[in-house]
Amino acid sequence: MQGDLAFLILILGRLLLGVFFVAAGIHHFFVIVPITDAIEARGIPCAKWVLLSGSVFQIAAGLLMMLGLFVAAAAFGLIIFTLAASVMLLNFWEMEGTARDSAINSWKSNMAIVGGLLTVAAGAM
């Protein structure tokens, strides 16, 4: 019984994180210009390609996690993605005031998401 509950909790966590990444990836296709502008402002070359390829990756990896396919690989890929996106777009070390506070809070949220992804990966191993 206890093993069944743990399994259900792992499945629920996997589904919730997968939905989060799928929804975020889809959302990017509706806000291409402002996100591309933000990526370009950070000096990243080929900003639109970076955005589109990253969004497709988010969707694909999120779906794999949700479907229970290559779960550990998908989770580790999303960890790398989340860390890279955080460094690219949440450069709080160059900000001041409210923007800095918001970016720091987003970093904290992203690190919590990374923790969830590590848990998902561990459950799949």
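Residues numbered from 1 in each chain as written. Predicted model: local features only at pLDDT ≥ 70, side-chain atom pairs only at ≥ 80, totals over all residues. Heavy atoms only, no water.

A look at the overall build of the protein
And then number 1: When helices and strands are tallied, the protein shows 5 helices and 0 strands.
And then number 2: Starting at the N terminus, the α and β elements of the protein follow one another as α-α-α-α-α.
And then number 3: Dimensions of the protein, computed from C-alpha atoms along their principal axes, come out at roughly 50 × 30 × 20 Å.
And then number 4: A separation threshold of at least 6 residues defines the contact pool for the protein, and within that pool the share at least 24 residues apart is 65%.
And then number 5: Surface summary for the protein: the accessible area is close to 7,500 Å², and the carbon and sulfur share equals 74%.
And then number 6: Side chains of the protein give 5 positive and 6 negative charges; the mean places of these two sets differ by 4 Å. (Helix = DSSP H or I, 4+ residues; strand = E, 2+ residues; numbered from the N terminus. Contact = heavy atoms within 4.5 Å. Areas by Shrake-Rupley, 256 points an atom, 1.4 Å probe, with all protein chains shown as cover. Lys, Arg positive; Asp, Glu negative; His and termini not counted. Charge placed at Lys NZ, Arg CZ, Asp CG, Glu CD.)

What about the UniProt feature "transmembrane region" (unreviewed entry) in the protein?
And then number 1: UniProt annotation of "transmembrane region" (unreviewed entry) refers to residues 6-35, 47-67 and 73-93 when read in the numbering used here.
And then number 2: Segment residues 6-35 splits into 90% helix and 0% strand. End C-alpha atoms: 38 Å apart. (UniProt positions renumbered as here; feature names shortened; annotations may be inferred.)

Re the side chain of S55
And then number 1: Relative to the helices and strands, S55 is located in helix α3 (residues 47-67).
And then number 2: Exposure remark for S55: the relative accessible area of 1% places this residue in the buried category.
And then number 3: A distance of 2.9 Å separates the side chain of S55 from the side chain of H28, its partner in a polar contact.
And then number 4: In this view, S55 contacts G25, H28 and F29; residues no more than four positions away in its chain are not counted. (Buried < 20%, exposed > 50% of the residue type's maximum accessible area, 1.4 Å probe, protein only. Polar contact = N/O pair within 3.5 Å; in protein donor to acceptor, adjacent residues only side chain to side chain.)

A word on the packing of aromatic side chains
And then number 1: Counting across every chain of the model gives 5 aromatic pairs.
And then number 2: Considering the side-chain rings of F92 and W93, the 5.1 Å spacing of their centres and the 75° angle between planes classify their relative orientation as edge-to-face.
And then number 3: The exposure class of W93 is partly exposed, given its relative accessible area of 43%.
And then number 4: These aromatic residues form a ring-pair network of at least three members: F92, W93 and W107. (Phe/Tyr/Trp six-rings, centres within 6.5 Å; stacked < 30°, edge-to-face > 60°.)

Focus: the packing of α3 against helix α4 (residues 71-89)
And then number 1: One way to put it is that α3 packs onto α4 with a least axis distance of 9 Å and a crossing angle of 145°. Every pair of crossing elements has a handedness; the one defined by α3 and α4 is left-handed. Contacts between α3 and α4 involve V50, G54, F57, Q58, A61, G62, L64 and M65 from the former and V71, A74, A75, G77, L78, F81 and M88 from the latter. (Axes fitted to C-alpha atoms, helices over the stretch in contact; angles between N-to-C directions. Left-handed = near helix turned anticlockwise from the far one by under 90°.)

Some thoughts on unusual backbone geometry
Comment: phi is negative for the bulk of residues other than glycine, and the bulk of peptide bonds are trans.
And then number 1: Phi is positive for C46, close to 55°, though the residue is something other than glycine.
And then number 2: Tracing the backbone shows C46 in the loop between α2 (32-41) and α3.
And then number 3: Of note in the backbone geometry, F70 takes a positive phi value of approximately 50° without being a glycine.
And then number 4: Here F70 shows up in the loop between α3 and α4.

A short note on the packing of α2 against α3
A pair of packed helices is characterised by two quantities: the angle between their axes and the separation of those axes.
And then number 1: Between α2 and α3, the least distance of the axes is 8 Å, while the angle of their chain directions is 120°. In terms of orientation, α2 and α3 fall into the oblique class. Like other packed secondary-structure pairs, α2 and α3 cross with a definite hand, here right-handed. Only A47, K48, L51 and L52 of α3 make contact with α2, whose side of the interface consists of I32, I35, T36, I39 and E40.
And then number 2: Partitioning the contact of α2 with α3 into residue classes produces 6 nonpolar, 1 polar and 2 charged. (Parallel < 35°, antiparallel > 145°, perpendicular 65-115°, else oblique. Nonpolar A, V, L, I, M, F, W, Y, C, P; charged D, E, K, R; others polar.)

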